[in-house]
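# Survey of secondary and tertiary structure
Okay, here's what each chain looks like letter by letter:
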2 protein chains.
Amino acid sequence: MLNPVTPEFEARLRAQLPPACFRDDARFFEEPRRKWQGHGLVVAPDSTEDVSAIVRACAAARVAVVPYSGGTGLVGGQIVTQDQPRPVVLALERMNRIRSRHPQENVLVAEAGCILADVQRIAGDMDRLFPLSLTSEGSARIGGLLSTNAGGINTLRYGTARAQCLGVEAVMPDGSVLHGLTRLRKDNTGYDLRDLLIGAEGSLGVITASALRLVPRPVATATALMVVRDPDAALTLLSRLGEKAGESISAFELLHGTGFAFMDETGIAYRRPFDHLPDWSVLIELGMGEGQDPRALLQDLFTEAHGLGLVSDGVIAASGAQSAELWRIRESIPAANARVGAISSHDVALPLSAIPEFIARGVGAIAAIGPFRVNAFGHLGDGNLHYNVFPPRGQSPRDFDALRPVVMRAVHDLVMGYGGSFSAEHGLGRLKPPELERYGDPTKRAVMRAIKSALDPLGIMNPGAVLGV
Amino acid sequence: MLNPVTPEFEARLRAQLPPACFRDDARFFEEPRRKWQGHGLVVAPDSTEDVSAIVRACAAARVAVVPYSGGTGLVGGQIVTQDQPRPVVLALERMNRIRSRHPQENVLVAEAGCILADVQRIAGDMDRLFPLSLTSEGSARIGGLLSTNAGGINTLRYGTARAQCLGVEAVMPDGSVLHGLTRLRKDNTGYDLRDLLIGAEGSLGVITASALRLVPRPVATATALMVVRDPDAALTLLSRLGEKAGESISAFELLHGTGFAFMDETGIAYRRPFDHLPDWSVLIELGMGEGQDPRALLQDLFTEAHGLGLVSDGVIAASGAQSAELWRIRESIPAANARVGAISSHDVALPLSAIPEFIARGVGAIAAIGPFRVNAFGHLGDGNLHYNVFPPRGQSPRDFDALRPVVMRAVHDLVMGYGGSFSAEHGLGRLKPPELERYGDPTKRAVMRAIKSALDPLGIMNPGAVLGV
């Protein structure tokens, strides 16, 4: 069993660390969807040595450690609730240095507390691109992005957070430091501990710094919003675009008419791209090199797809400002969803070819539960949909609290029937360990438990997250 | 302690499995560099169920299991030597089915015994590219390629074997089957067991099948061989090419004059690309999409680099046949090396920017040991050099057996001083566990041992490989 932080424990920690390490701020106990309310002693070290000292102290006293990065996670991975022994909340925000820059190697080494937008900007100053990009990039921090293997809008082209990381430094559950900040592209010297820590949501150790891969900045970019006949037409369009543009597709996002309707309903301003708001549309971004013309390519694609009946209308941005307007539509959807208030939100992945049938069958499955509205949108190119279910207009999601588990079960059952995933990019946190119990391969669960026990025998690292224990 | 295969154990296994599973063939006990001589009972199951049954039987009797894929590994990972208890050699060659093809998703599911060249061909039939490519592709099999996280010539663009794999099926050390053949691009539902098994060289389980990522086939390709001033000029050329061609650089290989000299010396025929064979040259391959002109881009690059004094001569292939001739040079170097016979071969990686200094200092370090010849060549774009040291002309490498460890120590000390790797793409096998002991981070080694003990408490899976125990 774990012990709570006691006054004696806190006093010992305060004697050991500079006063600047200690925080008294309730924001560490909240999370964006306000599903959980946490507690703990917030400690914000500014060095790996101090992280190590804190974890050692917690191990000695068998006190839980909850790594806290940007706090933007949506599944409660950063929150220990008040029914659990009071933990140390290990805030990484002061570990926010860029340790080194290597433009010739397309690498920078960043501490875990660096904010994503800052890393993007610093990469830009190096005339490079750090390709991870997502809605919360202004506050999400690198440690949490890696620990949850975050996705976002450029995954199709560049991969998830995992693919952006060449090496990590981490503090393990016994306080020892894993020195793995390699800048190498190839290093086959033993087990892949980097990728084990990435996506482990702080349950196997705390990532304190990482060597991040940068990529060349596309020289020419182009953005288009095209009205597609249906999700199947969107996939055909993606496939044809892949043949034309190879690896130059930076984003391929599916939008549903519900998203536009919600922006109208909740008063989110945007420039209407079409007179009639479409049921289904895709937002496409290409990024290409010298001497290439991505706008012409999108124009060709549109002409061809129009001839095939795949698309009926479209806008190709003529300027950076027009491109930003199109992206603002996509980026406003989560805010509109939040204002309407979902009964249940799902972050699912499917094999690409199963998506049209999944969307079609989803309509019937949700209608069988209640007169709900569905906003299915997201990273079509990755097979990753955000599939969120909302009450009828004028009603509160709280009116349907009792149906939340029924909705989630229906969606996840349908997804898993296609060999999909019930957590494409958000992780498990404290929301989805029961889903892992229900749907996860028994051998996978057994191996995960064996690894957790081997690396964290006291069970102090982010208890309750990922495995539910 | 492990037990040897006994006649009783063999009889039980023969009673349980079809006769076609049993092999009597000494080729399973040899490896390409003839450093190790193995032994064992060779069993070649043709189903995951039979692999599971074999591993269960071995676990019950505490008999070692050595997974054997294509047998092309260079570090002895596939060989249990005769001073160790006689193991079961688990040959995967009969598990060679393509389980499914998903062209719309750019995925195929292949069993572990599929030969790489066959997978490349099948991907081609699907109008896709399976981008893993290396010298031994005609005999290397998928299971071993994943278990060693193989590299090769296209890693710069597409990543190592790890990056080609979306999911794995594996038999764990207790015989349980990990069902992880996901075709998803995103799936954040727990620890990354796929990447733990990839690169574990069979020491944590046996990969039996995998979902492999395919990519669009480049529509237009171009190949060039350019004479560079020195390795630093080669890196500047690479950087400039990256700005022009983005992700279209499929290969960027460094060749040294020693390679040409060895081909001449050992009678390997090739078409001489230049009148004077250059000290340093780079072989470049671009692959681009519709409407792009990679030959023109290489021509521009050459003109610009010539103006800057980076390159002094060059050949841009005008046909597929000419391209093949240039590639034949690169691909003949390992054979020429083998005919000359190395004292010590090293598969090292370095941060890109350290390579010129490493090569320069290597000359002095080797000269201080003996009058040796060095062939430093390989995957410059990945920072991965094959750094092989040879006797003076007319002498045998065996004359210098006593100096082999001295040479290896000098090379690896130099590499590790730059934060490099002593095994970039070959793995550890039974050759390099002592190097891991010497150079590996102590926390990394401790975590690796903890994982090994947790997943394989009996120590039956490929004992001696990776960790040396």
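Everything that follows concerns the structure shown earlier in this document.
For the structure given in this document, a descriptive report is provided here. (Residues numbered from 1 in each chain as written. Chains lettered and ligands numbered in written order. Predicted model: local features only at pLDDT ≥ 70, side-chain atom pairs only at ≥ 80, totals over all residues. Heavy atoms only, no water.)

## Describing the interface of chain A and chain B
Contact with chain A, which involves 76 residues of that partner, is made by 76 residues of chain B. Interface area for chain A against chain B, summed over the two sides, is near 6,100 Å², with a carbon-plus-sulfur share of 55%. A per-residue breakdown of the area chain A buries against chain B is headed by Lys186(A), Asn188(A) and Tyr191(A), which together make up 17% of the total. Inspection of the region where chain A meets chain B yields 8 salt bridges. The salt bridge partner of Asp192(A) is Arg162(B), with a shortest N-O separation of 2.8 Å. Our enumeration of links across chain A and chain B arrives at 33 residue pairs in polar contact (both at pLDDT 80 or more). With 9 residues, the top contributor of residues to the side of chain A that touches chain B is helix α14 (residues 442-455) of chain A. (Contact = heavy atoms within 4.5 Å. Buried area = accessible area lost by both parts, 1.4 Å probe. Salt bridge = Lys/Arg side-chain N within 4 Å of Asp/Glu carboxyl O. Polar contact = N/O pair within 3.5 Å; in protein donor to acceptor, adjacent residues only side chain to side chain. Helix = DSSP H or I, 4+ residues; strand = E, 2+ residues; numbered from the N terminus.)

## Let's talk about the sheet that holds strand β9 (residues 177-180) of chain B
All names here are of chain B. Taken together, 5 strands build an open sheet; the order of strands is β5-β6-β10-β8-β9 and the sheet is antiparallel. Across the chains shown, the open sheet's two edge strands, defined by having one partner strand only, are β5 (98-102) and β9. Neighbour-to-neighbour, the strand axes of this sheet turn through a mean angle of 15°, independent of strand direction. Both strand β6 (residues 107-111) and strand β10 (residues 206-213) contribute to a ladder of 5 bridges, which runs antiparallel. Its bridge partner lying in β10, Ala110 is registered against Ser210. On the sheet, helix α2 (residues 48-61) packs against β5, β8 (165-171), β9 and β10 and is oriented at approximately 50° with respect to β8. (Pairing = 2+ DSSP bridges. Axes fitted to C-alpha atoms, helices over the stretch in contact; angles between N-to-C directions.)

## Things to note about the relation of the copies chain A and chain B
Placing chain A over chain B gives an RMSD of 0.0 Å and needs a rotation angle of 180°, together with 0.0 Å of translation along the axis. Classification of the inter-copy transformation places it as that of a two-fold axis. Both copies share a contact surface, since 100% of the interface residues of chain A are interface residues in chain B too. (Least-squares fit on C-alpha atoms with pLDDT ≥ 70 in both.)

## Some thoughts on the environment of Asn388(A)
Residues and elements named next belong to chain A. Structurally, Asn388 can be placed in strand β18 (residues 384-390). Owing to a relative accessible area of 6%, Asn388 belongs among the buried residues under this scheme. Between the C-alpha atoms of Asn388 and Pro85, which are 303 residues apart in sequence, the distance is 33 Å. Setting aside residues no more than four positions away along its own chain, Asn388 makes contact with Asn337, Ser344, Ser345, His346, Arg373, Val374, Asn375 and Phe377. Among the polar contacts made by the side chain of Asn388, one reaches the main-chain amide nitrogen of His346 at a distance of 3.3 Å. (Buried < 20%, exposed > 50% of the residue type's maximum accessible area, 1.4 Å probe, protein only.)

## Regarding the packing of helix α11 (residues 355-367) of chain B against helix α12 (residues 404-417) of chain B
Residues and elements named next belong to chain B. At a minimum axis separation of 10 Å, α11 and α12 run at an interaxial angle of 155°. When the axes of α11 and α12 are compared, the pair comes out roughly antiparallel. Here α11 runs over α12; the crossing is right-handed. Contacts from Phe358, Arg361, Gly362, Ala365 and Ile366 in α11 reach Val407, Val411, Leu414 and Val415 in α12. (Parallel < 35°, antiparallel > 145°, perpendicular 65-115°, else oblique. Left-handed = near helix turned anticlockwise from the far one by under 90°.)

## Some thoughts on the side chain of Asn462(A)
Residues and elements named next belong to chain A. Position of Asn462 relative to the elements: it lies in the segment after α14. Polar contacts involving the side chain of Asn462 include one to the main-chain carbonyl oxygen of Gly77, which spans 3.0 Å. Not counting the four nearest positions on each side in its chain, Asn462 is found in contact with Val65, Val66, Pro67, Gly77, Glu201, Gly202, Ser203 and Arg430.

## Concerning the side chain of Ser344(A)
All names here are of chain A. Tracing the backbone through its elements, the reader meets Ser344 in strand β16 (residues 344-349). A residue is classified by how much of its surface remains accessible, and Ser344, at 6% relative accessible area, is buried. Looking at Ser344, its side chain comes within polar contact range of the side chain of His346, at 2.8 Å. Beyond its immediate chain neighbours, meaning those up to four positions away, Ser344 contacts Tyr387, Asn388, Val389, Arg404, Val407 and Met408.

## Here's the deal with the sheet that holds strand β5 (residues 98-102) of chain A
All names here are of chain A. In space, the 5 strands of this open sheet follow the order β5-β6-β10-β8-β9, with antiparallel pairing throughout. Strands at the two margins of the open sheet, each flanked by one partner only, are β5 and β9 (177-180). The mean angle between the axes of side-by-side strands here comes to 15°, regardless of whether they run parallel or antiparallel. Sheet strands touched by helix α3 (residues 116-125): β5, β6 (107-111) and β10 (206-213). Its angle to β6, the strand with the most contacts, is close to 150°.

## Observations regarding the packing of aromatic side chains
Residues and elements named next belong to chain A. In this structure the tally under the stated criterion is 12 aromatic pairs over all chains. With a centroid separation of 4.6 Å and an interplanar angle of 80°, the aromatic rings of Phe262 and Phe390 are classed as edge-to-face. With Phe262 in helix α8 (residues 257-266) and Phe390 in strand β18, the pair connects residues that are 128 residues apart, well separated along the chain. Above the face of the Phe22 ring, Arg14 is positioned so that its terminal group lies 4.4 Å from the ring centre. (Phe/Tyr/Trp six-rings, centres within 6.5 Å; stacked < 30°, edge-to-face > 60°. Lys NZ or Arg CZ within 6 Å of the ring centre and 35° of its normal.)

## A word on the environment of Gly429(B)
Residue and element names in this part refer to chain B. Assignment of secondary structure puts Gly429 in the loop between α12 and α13 (433-439). In sequence terms Gly429 and Val75 are 354 residues apart; their C-alpha atoms lie 4.8 Å from each other. Dropping the residues within four chain positions of it, Gly429 is found in contact with Val75, Gly76, Gly77, Glu201, Gly464, Ala465 and Val466.

## What to know about α12(B)
All names here are of chain B. Here α12 spans 20 Å end to end across 14 residues, near enough to the 20 Å set by a 1.5 Å rise per residue. Along α12, the residues that are buried comprise Val407, Met408, Arg409, Val411, His412, Leu414 and Val415. Looking at the buried positions of α12, the neighbouring elements they touch are β16 (344-349), α11, β18 (384-390) and α13. Positive phi appears at Gly419, one or two residues downstream of α12, with a value of about 70°. (Expected span 1.5 Å × (residues − 1).)

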